[in-house]
Amino acid sequence: MAKKQENYLEFIPVISGKNSWDRDESGKVTIHMVHRGFYAWIAQKFFHRPRVSHIDLDAMGSFIFPLIDGRRTVGDIAELVKAEFGKDAEPLYERLAKYMQILRNNGFIYYAGKDRT
């Protein structure tokens with residue numbers, strides 16, 4: 001039996017509760033990533049690495065991140081990005097897919113119904 005082809009634009013991203021984030025007065029989003037686990041503990045203890053890293057997002061990332069609400073699909077977010085940034089967002093779908101992949105690989109988001117939380 002053939003596997004059903006999934007449409008990436010229908011995926012629903014959700015912000016993971018593992019890290020916190022905030023937005024400053026100018027709208028820039030900062031994700032506060034807590035380093036967990038044995039190797040992180042060793043790096044903190046012996047190499048004086050910080051327990052929390054602060055990741056500042058660029059203008060487009062700061063626009064997209066708060067839109068990840070567990071209800072909007074990747075396609076919905078793409079339309080909002082297109083309306084906000086126009087030609088500056090192009091190639092829109094490739095950039096958005098890569099951005100979502102980076103967020104997911106770093107554990108900042110997961111896909112509802114696709115990933116284990």
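What comes next concerns the included structure. Keep in mind the model is a prediction, meaning the values are calculated, not measured.

Calculation criteria
Residues numbered from 1 in each chain as written. Predicted model: local features only at pLDDT ≥ 70, side-chain atom pairs only at ≥ 80, totals over all residues. Heavy atoms only, no water. Salt bridge = Lys/Arg side-chain N within 4 Å of Asp/Glu carboxyl O. Pairing = 2+ DSSP bridges. Helix = DSSP H or I, 4+ residues; strand = E, 2+ residues; numbered from the N terminus. Axes fitted to C-alpha atoms, helices over the stretch in contact; angles between N-to-C directions.

1. Some details on the pattern of salt bridges
Enumeration according to the criterion identifies three salt bridges in this entry. Measuring nitrogen to oxygen at the nearest pair gives 3.5 Å for the salt bridge that ties R71 to D69. The salt bridge involving D69 is made with R72; its shortest N-O contact spans 3.0 Å. Among the charged side chains, a network of salt bridges with common partners joins D69, R71 and R72.

2. Some thoughts on the sheet that holds strand β2 (residues 20–23)
What the three strands build is an open sheet, ordered β2-β3-β4; its pairing is antiparallel. Looking at the sheet topology across the chains shown, the edges are occupied by β2 and β4 (52–56). In this sheet, adjacent strand axes meet at a mean angle of 20 degrees when their direction is disregarded. Pairing geometry for strand β3 (residues 29–34) and β4, over five bridges, is antiparallel. Each residue of the ladder has a partner; that of I31, found in β4, is I55.

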